[in-house]
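Analysis of the macromolecular model
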Amino acid sequence: MADPDTDPTRSDRTVLDARDISRALTRISHELLERNKGATDLVLLGLHTRGVPLARRIADKIAAVEGAPVAVGELDVTMYRDDLRSQPTRRAHKTALPPGGIDRKVVVLVDDVLFSGRTIRAALDALADLGRPSAVRLAVLVDRGHRELPIRADHVGKNLPSALAERVSVRLAEIDGTDEVTIS
């Protein structure tokens, strides 16, 4: 079987371009503000890797509306994953909580793609070791379905029904040099 990243026969279809991603993040930002009744006690935790820049972008959009910064942190769930035996070569990243921590805060986990739900389960386990938020919410750029666990996003940029064999790729300027979501 050919490597999907180097297979010349693979055809990527762009489902979100840079403007679409920006609009989706703006909508998520406003939904978060409405649900939380402002930015007070709101903490955004980006899941490595692409959830981190998404969380920062959402924080910037919220700050532009509210006129005050929003706490942003980074969450590494590598050691909480249930697939370490089958994929042991994952590189660990840092977890960095914002000043003030997460206790009694509304924590919004931010990720690029929601698929099986296993990464979010790992994130919830990691959060339990870090503190006790008053509420935990989930914001994702893309929800592609195929859940294996009873996990649902509170805020979704785009619902993207897909086949299990299809690959959804998120590329962000901060990491990949461009903003787009493709399916192949």
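Predicted model, so just to flag it, every value in this text is computed and none were measured.

This paragraph deals with the packing of aromatic side chains. Inspection of the entire model under this criterion finds zero aromatic pairs. Positioned above the aromatic ring of phenylalanine 115 is the side chain of arginine 144, whose terminal nitrogen or guanidinium carbon lies 4.1 Å from the ring centre.

Attention now moves to the UniProt feature "short sequence motif: PRPP-binding" (unreviewed entry) in the protein. The feature "short sequence motif: PRPP-binding" (unreviewed entry), as given by UniProt, occupies residues 107–119 in the numbering adopted here. Between the C-alpha atoms that bound residues 107–119 the distance is 16 Å, and the span itself is 15% helix and 62% strand.

Sheets are built from strands paired through backbone hydrogen bonds, the pairs being either parallel or antiparallel. Pairing in this open sheet of five strands is parallel, and the strands run S3-S2-S4-S5-S6 from one edge to the other. Lying at the two open borders of the sheet, with one neighbouring strand each, are strand S3 (71–75) and strand S6 (155–159). On average, adjacent strands in this sheet sit at an angle of 25° to one another, irrespective of strand direction. Each of strand S2 (42–47), strand S4 (106–114), strand S5 (135–143) and S6 touches helix H1 (residues 18–36); the most contacted strand, S6, lies at about 150° to it. Contacts between helix H2 (residues 51–66) and the sheet are confined to S2, S3, S4 and S5, with S2 contributing the most and set at about 155° to the helix.

Moving on, we get to the packing of H1 against H2. Axis separation between H1 and H2 bottoms out at 9 Å; the angle between their running directions is 60°. On the basis of the axis angle, H1 is oblique to H2. In this structure, the crossing between H1 and H2 has a hand that is right-handed. Contacts from Ile21, Ser22, Leu25, Thr26, Ile28, Ser29, His30, Leu32 and Leu33 in H1 reach Leu54, Arg57, Ile58, Lys61, Ile62, Val65 and Glu66 in H2. Looking at the contact of H1 with H2 residue by residue, the class counts come to nine nonpolar, four polar and three charged.

The subject of this paragraph is H2. Compared with an ideal rise of 1.5 Å per residue, which puts 16 residues at 22 Å, H2 spans 22 Å between its outermost C-alpha atoms and is within 8% of the ideal. What H2 keeps buried is the set Gly51, Val52, Pro53, Leu54, Ala55, Arg57, Ile58, Ala59 and Ile62. Buried residues belonging to H2 abut H1, S2, S3, S4, S5 and helix H4 (173–176). Immediately beyond the C-terminal end of H2, within one or two residues, lies glycine 67, with a positive phi of roughly 75°.

Note on placement: glutamate 174 falls in helix H4. Separated by 121 residues in the primary sequence, glutamate 174 and proline 53 place their C-alpha atoms 6.8 Å from one another. Among the polar contacts listed, one links the side chain of glutamate 174 to the side chain of arginine 57, at a separation of 2.6 Å.

Tracing the sequence through the fold places serine 162 in the loop between S6 and strand S7 (168–171). Polar side-chain contacts of serine 162 include one of 2.9 Å to the side chain of arginine 144. Sequence-distant contacts of serine 162, that is, excluding residues within four places in its chain, are made with Arg144, His146 and Ile183.

Judged by nonpolar contacts, the single largest core of 29 residues is most densely connected at Leu44, Ile58, Ile62, Leu141 and Val181. Considering each element in turn, this core owes the most residues, six residues, to H1. If near-sequence neighbours (up to four positions away) are discounted, valine 181 is found in contact with Arg13, Thr14, Val15, Leu16, Ile21, Leu141, Val142, Val168, Ser169 and Val170. Residues Val43, Ile102, Ile120 and Ala122 belong to the second largest nonpolar core, which totals 19 residues.

Thresholds, definitions, all that
- Along each chain, numbering runs from 1 in the same order as the chain's sequence is written.
- In keeping with the predicted nature of the model, local features appear solely for residues at pLDDT of at least 70, side-chain atom pairs appear and are counted solely at 80 or more, and the whole-chain, interface and lining totals rest on all residues.
- Excluded from the side-chain calculations are hydrogens and water; all other atoms, namely the structure's heavy atoms, are used.
- Only centres within 6.5 Å qualify two rings of Phe, Tyr or Trp (six-membered ring in Trp) as a pair; their planes then separate them into stacked at under 30 degrees, edge-to-face at over 60, and tilted for everything else.
- Ring-over charges, as used throughout, are those where CZ of Arg or NZ of Lys falls within 6 Å of the ring centre and within 35 degrees of the ring normal.
- UniProt positions are given in the numbering used here, feature names are shortened, and annotations may be inferred rather than shown by experiment.
- Only DSSP runs of H or I covering at least 4 residues are called helices, and only runs of E covering at least 2 are called strands; the numbering of each starts at the N terminus.
- In this description, strands pair whenever DSSP reports at least two bridges between them.
- Here an axis means a line fitted to C-alpha atoms, over the contact stretch when the element is a helix, while the angle between two N-to-C directions is reported on a 0 to 180 degree scale.
- Contacts are assigned to residue pairs that have any heavy atoms within 4.5 Å of one another.
- In this scheme, roughly parallel covers angles under 35 degrees and roughly antiparallel covers those over 145, while 65 to 115 is roughly perpendicular and the rest are oblique.
- Crossings are sorted by hand: turned counterclockwise from the far helix by less than a right angle, the near helix makes the crossing left-handed, and turned clockwise it makes it right-handed.
- Any residue that is not Ala, Val, Leu, Ile, Met, Phe, Trp, Tyr, Cys, Pro, Asp, Glu, Lys or Arg is counted as polar, Gly included; the first ten are nonpolar and the last four charged.
- What a helix is expected to span follows from its residue count: subtract one and scale by 1.5 Å.
- The buried label goes to any residue with under 20% of its type's maximum accessible area, the exposed label to any with over 50%, and the partly exposed label to all in between, with areas taken from a 1.4 Å probe on protein chains only.
- The definition of a polar contact used here is a pair of N or O atoms within 3.5 Å, where within protein one atom must be able to donate a hydrogen and the other to accept one, and adjacent residues in sequence count solely through side-chain atom pairs.
- Residues belong to a common nonpolar core when they are buried Ala, Val, Leu, Ile, Met, Phe, Trp, Tyr or Cys residues joined through side-chain atoms within 4.5 Å.

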